[in-house]
Amino acid sequence: MKIAQVAPLYESVPPALYGGTERVVAYLTDELVVLGHDVTLYASGDSRTRATLKPMCTRSLRLTAGAVDHLAHHVRMLERVFRDVDDFDIVHFHVDYLHFPLSRRHRLTHVTTLHGRLDLADLQPLYDDFHDMPVISISDAQRRPLPQARWVGTVAHGLPPDLHRFDPIGGETLVFLGRISPEKGIERAVEIARRSGHRLRVAAKVDRTDREYFASVAPILAQPFVEFIGEVDDAGKSALLAQARALLFPIDWQEPFGLVMIEALACGTPVIAWRGGSVEEVIDNGRTGFIVDSLDEAVDAVERIDEIDRRVCRQEFESRFTARRMARDYVAIYDELLSGRPSQPTLVVSDADAVAG
């Protein structure tokens with residue numbers, strides 16, 4: 001199958017540091033190549049891929065000081081993609097809805113994975129108008145605000161099995177990994193660490209839009225039991241998670257997926273997460289972590305974390321959240337779209353089940 005993957009240009013594929021969407025695109029693209037498909041990746045020029053790379057800008061836009069109008073680069077990329085559409089059996093977009101008007105006016109088989117939050121009022125009229133665009137959710141929870149969209153599947157994220165190091169023992173520190181922003185819950189994380197008497201290591205990105213919020217929480221991050229590390233690469237992330245007692249995921253929003261949760265499971269590290277969004281689809285409460293609704297429950301979960309078998313966490317990752325499983329799920333949807341069969345939501349199955357099927 002000849003497949004085009006169209007990635008955002010904000011980060012390289014995969015990102016050098018923080019980045020979710022581009023990271024997933026990287027793992028999916030490489031795995032599709034391993035499965036024998038002819039894949040072309042439209043992405044920034046500093047991307048690393050097994051596929052044929054079509055560089056749309058020299059470097060990722062976030063790391064390019066002179067890149068002010070990011071939309072201009074994406075419009076140029078879409079022009080290039082639609083110039084090349086006859087070269088592909090299917091085009092898989094990861095750039096939200098930017099291509100919808102063009103896709104409607106061209107004869108091509110296409111699908112879009114929606115990676116972000118969808119509970120925004122602005123999106124309702126958009127998907128009323130573009131209800132014919134085939135889209136894929138990354139969790140069942142993510143799609144609930146937009147029942148009018150043409151959902152053709154749900155595909156959970158996956159990672160290469162050798163990306164992160166499994167540690168059967170772990171350590172005593174708690175870890176917060178991701179972004180410093182109000183919805184990610186860093187203030188909750190610090191309070192959990194304080195009340196449980198554990199050190200907290202914070203590896204997080206600070207976006208421009210969150211700098212004011214970061215300044216407001218800087219005093220609590222300066223407490224002696226908190227270590228603020230900043231952004232980390234894959235090696236640093238793996239070491240951080242593998243040596244942790246637990247990952248804290250104290251979100252205050254409807255998280256569409258939460259890639260860091262499966263990164264933790266790959267290391268064997270249990271997750272303590274606030275209920276909401278995709279959390280209940282990723283974490284098996286009492287088996288791979290604890291799902292909580294309050295600070296008291298979170299502190300209690302820290303003390304009970306030894307009830308969680310780290311080997312079970314790793315096994316859950318290998319069963320449900322590998323890049324191979326993710327790629328096979330996407331290929332099944334591609335086949336359905338190309339055959340014209342009505343698509344059904346994709347279930348998260350184990351790699352063993354996929355092979356047996």
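What you see is a predicted model, and the numbers here were worked out from it, not measured in a lab.

Tallied over the full model, the rule gives seven aromatic pairs. A centroid spacing of 6.2 Å and a plane angle of 80° characterise the contact between Tyr 42 and Phe 88, whose relative ring orientation is edge-to-face. Placement of Tyr 42 in strand S2 (residues 38-43) and of Phe 88 in the loop between helix H2 (70-83) and strand S4 (90-93) is noted, with a sequence separation of 46 residues between them. Each of the two residues, Tyr 42 as well as Phe 88, counts as buried. Aromatic pair Phe 214 and Phe 228: ring centres 5.5 Å apart, planes at 40°, arrangement tilted. Separated by 14 residues along the polypeptide, Phe 214 in helix H7 (residues 211-221) and Phe 228 in strand S10 (residues 226-228) bring together distant segments of the chain. Residue classification places Phe 214 among the partly exposed residues on the basis of a relative accessible area of 25%. By relative accessible area, Phe 228 is classed as partly exposed at 33%.

Another point: helix H6 (residues 186-196). Taken together, the buried positions of H6 are occupied by Ile 186, Ala 189, Val 190, Ile 192, Ala 193 and Ser 196. The buried residues of H6 occupy one face: seen down the axis, they fall within an arc of 160°. Count one or two residues on from H6 and you reach Gly 197, which has phi positive near 80°.

Rules behind the numbers
- Residues numbered from 1 in each chain as written.
- Predicted model: local features only at pLDDT ≥ 70, side-chain atom pairs only at ≥ 80, totals over all residues.
- Heavy atoms only, no water.
- Phe/Tyr/Trp six-rings, centres within 6.5 Å; stacked < 30°, edge-to-face > 60°.
- Helix = DSSP H or I, 4+ residues; strand = E, 2+ residues; numbered from the N terminus.
- Buried < 20%, exposed > 50% of the residue type's maximum accessible area, 1.4 Å probe, protein only.
- Arc of directions from axis to C-beta.

Read these as geometric descriptors, not functional statements.
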